[in-house]
Amino acid sequence: MRNRICLVVFLGTLLSTTALAQQSLDGLIDRDIAALVTKTATFLAAQLRAMGYTVTERVGKYESPQWTGYGVVAVLKNGAGPTVLLRTELDALPVDEKTGLPYASKVKMKNDAGQEVSVMHACGHDLHITSMIGTAKMLSELKNQWQGTLVILGQPAEEVVDGAPSVLRDGLYERFPKPDFVIALHDSADLEAGKVGYTPGYAMASSTSVDIKIRGLGGHGARPEATKDPIVVAAQVILALQTIVSREDSPLDPVVVTVGSIHGGTKHNIIPDEVDMQLTVRAYKPEVRKRVLASIERITRGIAMAAGIPEDRSPIVKVSDTQFTTPLYNDPQLTERLAAAFAKALGQDNVVKLQPVMMSEDFGFLSLDQKIPAVQFTLGAVDPAKVKLSKETGTPLPSLHSALFAPLPEPALRTGIKAMTSAVLDLMKKS
């Protein structure tokens, strides 16, 4: 999805110039809440440029030279003061939207294999982009209330967790002002629209993709004694890997080891030579991740050895260098400060402390291993009536990445814009 197709609900009209300082933030949002639908990072860049930001397009450098970076960086300088970077994602997912909504995605594009697939913002990136445009507009109008440098990053390729590394690789903090604080939001498929959530410390896990190739000695299915069956070995490996979590890891250090894909064999009566497996590993602490990965290799090779597979056919365990993301760690002090700002802007009842989750994303890279205070807060996106019904009936809501995921634009947009704008005004307020 290298074209970074974006369906954006944008808060649209040009700004009036009268008595803006006297208007409340709600009043400003009310004026601009009308929506329209469009697409692409180019649109985001054009809107930010029209607001007075200095905009650079096509930011991002990938390991694969045939890929083009479509990141957008916009800078608005407003005197001496701190530098704050706000980040939103730009990319979509290969999911055929089935919400039936008037603005449901009808976009199709070719994947890396050249196949045409439907794409949609099944993780809410359209909501994120829209909130960012609204926030950018509010802050461009309210320059008399803050001072410093505002940097807005439209980040590509979050879904393949190589977007944040790509913009850093392309000199994000060298070519543009290096931030004192980094902030993002991410919508939730469980939290009611109108609310925000926050999680101090570890909020999301690291994610590591692992490929395992079990190599055996194939043959006729009627003569297993003449083979070394990689399917049986793979089955034993899958079960044994679960003991990493249950018997090797402390219950106080959350870990997930999931085998998401297994492929082997071609016919009922043929024992194959190889079986391929794909795993995802989730953890918070770097040392725990390292230990789990070592255990995966030890267990896999040990089971193969016990099955009599010769050393020259030992399993190949490959940890991906690119499909990896660090844990998302929210700076505790900054998180509590923003939570207080959210409570003041939205009301204490609309600000919720949330538990960490084992999902992952690449925002954590932007903190440079926690050297820059960073926070990603949670934006409620679901109709409160649906959340209530789900709790009463036990029926799960459509999750992120579901073809049925449909954020409620209002009040989710209002809340996202108001929360993010309030956070920036608190961090960059005039002394």
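In this text, all values refer to a predicted model and were calculated from it rather than measured experimentally.

(A) Seen up close, the sheet that holds strand 9 (residues 181–192). Ordered in space as 3-4-8-5-9-20-10-19, the eight strands form an open sheet in which the pairing is mixed. The sheet is open, and its two edges are formed by strand 3 (54–59) and strand 19 (351–353), each paired on a single side. The mean inter-strand angle of the sheet, taken between neighbouring strand axes irrespective of direction, is 25 degrees. Where strand 5 (residues 83–89) lies against strand 8 (residues 148–155), seven bridges are found, and the strand directions are parallel. Bridge pairing links Val-84 to Leu-150 in strand 8. Set on the sheet, helix 3 (residues 125–141) makes contact with strand 4 (71–78), strand 5, strand 8, strand 9 and strand 20 (374–382); between it and strand 5 the angle comes to about 150 degrees.

(B) Up close: the nonpolar core. Among the nonpolar cores identified, the biggest contains 50 residues, and Leu-48, Tyr-53, Leu-86, Leu-150, Ile-152, Ile-183 and Phe-342 are the most heavily contacted of them. The biggest single contributor to this core is helix 10 (residues 409–427), with eight residues. Contact partners of Leu-150, with chain neighbours within four places excluded, come to Tyr-53, Ala-74, Val-75, Leu-76, Val-84, Leu-86, Leu-139, Val-424 and Met-428. Counting residues in hydrophobic clusters, the runner-up holds 24 residues, among them Val-233, Ala-234, Val-257 and Val-288.

(C) Spotlight on the packing of aromatic side chains. Taken as a whole and assessed by the stated rule, the structure comprises five aromatic pairs. With centroids separated by 5.1 Å and ring planes inclined at 75 degrees, the aromatic side chains of Tyr-202 and Tyr-329 adopt a geometry described as edge-to-face. With Tyr-202 in strand 11 (residues 201–204) and Tyr-329 in strand 18 (residues 328–330), this residue pair connects regions lying 127 residues apart in the sequence. On the basis of relative accessibility, which here comes to 26%, the residue Tyr-329 falls in the partly exposed class.

(D) How the structure looks around the confidence of the model for the protein chain. Taken as a whole, the protein chain shows an average pLDDT of 87; of its residues, 86% reach a score of 70 or greater. A low-confidence stretch, residues 1–22 (pLDDT under 50), is modelled with 88 contacts involving residues beyond four sequence positions or located in other chains.

(E) Region of the structure containing the packing of helix 6 (residues 230–248) against helix 7 (residues 286–306). Their axes nearest at 9 Å, the elements helix 6 and helix 7 cross at an angle of 145 degrees. Classified by chirality, the crossing of helix 7 by helix 6 is right-handed. In contact with Val-233, Gln-236, Val-237, Ala-240, Leu-241, Thr-243, Ile-244 and Glu-248 of helix 6, helix 7 contributes Arg-291, Val-292, Ser-295, Ile-296, Arg-298, Ile-299, Thr-300, Ile-303 and Ala-304. For the contact of helix 6 with helix 7, a count of residues per class yields ten nonpolar, four polar and three charged.

(F) The side chain of Asn-78, seen in detail. As for its position among the elements, Asn-78 is in strand 4. Using a relative accessible area of 16% as the deciding quantity, one classes Asn-78 as buried. Among the polar contacts made by the side chain of Asn-78, one reaches the main-chain carbonyl oxygen of Lys-143 at a distance of 2.9 Å. When residues no more than four places from it in sequence are discounted, the contact partners of Asn-78 are Lys-143, Trp-146, Gln-147 and Gly-148.

(G) Seen up close, unusual backbone geometry. With omega at 20 degrees, the peptide bond leading from Glu-410 into Pro-411 counts as cis. You can see Pro-411 is positioned in helix 10. Located in the positive-phi region is Arg-58, a residue other than glycine, with phi close to 55 degrees. Structurally, Arg-58 can be placed in strand 3. In this model, Leu-368 sits at a positive phi of 55 degrees, which is unusual for a non-glycine residue. Counting through the fold element by element, Leu-368 comes out in the loop between strand 19 and strand 20. Overall, the relative accessible area of 27% leaves Leu-368 in the partly exposed class.

Conventions adopted
- Residues numbered from 1 in each chain as written.
- Predicted model: local features only at pLDDT ≥ 70, side-chain atom pairs only at ≥ 80, totals over all residues.
- Heavy atoms only, no water.
- Pairing = 2+ DSSP bridges.
- Helix = DSSP H or I, 4+ residues; strand = E, 2+ residues; numbered from the N terminus.
- Axes fitted to C-alpha atoms, helices over the stretch in contact; angles between N-to-C directions.
- Contact = heavy atoms within 4.5 Å.
- Core = buried A, V, L, I, M, F, W, Y, C linked by side-chain atoms within 4.5 Å.
- Buried < 20%, exposed > 50% of the residue type's maximum accessible area, 1.4 Å probe, protein only.
- Phe/Tyr/Trp six-rings, centres within 6.5 Å; stacked < 30°, edge-to-face > 60°.
- pLDDT = per-residue confidence, 0-100.
- Left-handed = near helix turned anticlockwise from the far one by under 90°.
- Nonpolar A, V, L, I, M, F, W, Y, C, P; charged D, E, K, R; others polar.
- Polar contact = N/O pair within 3.5 Å; in protein donor to acceptor, adjacent residues only side chain to side chain.

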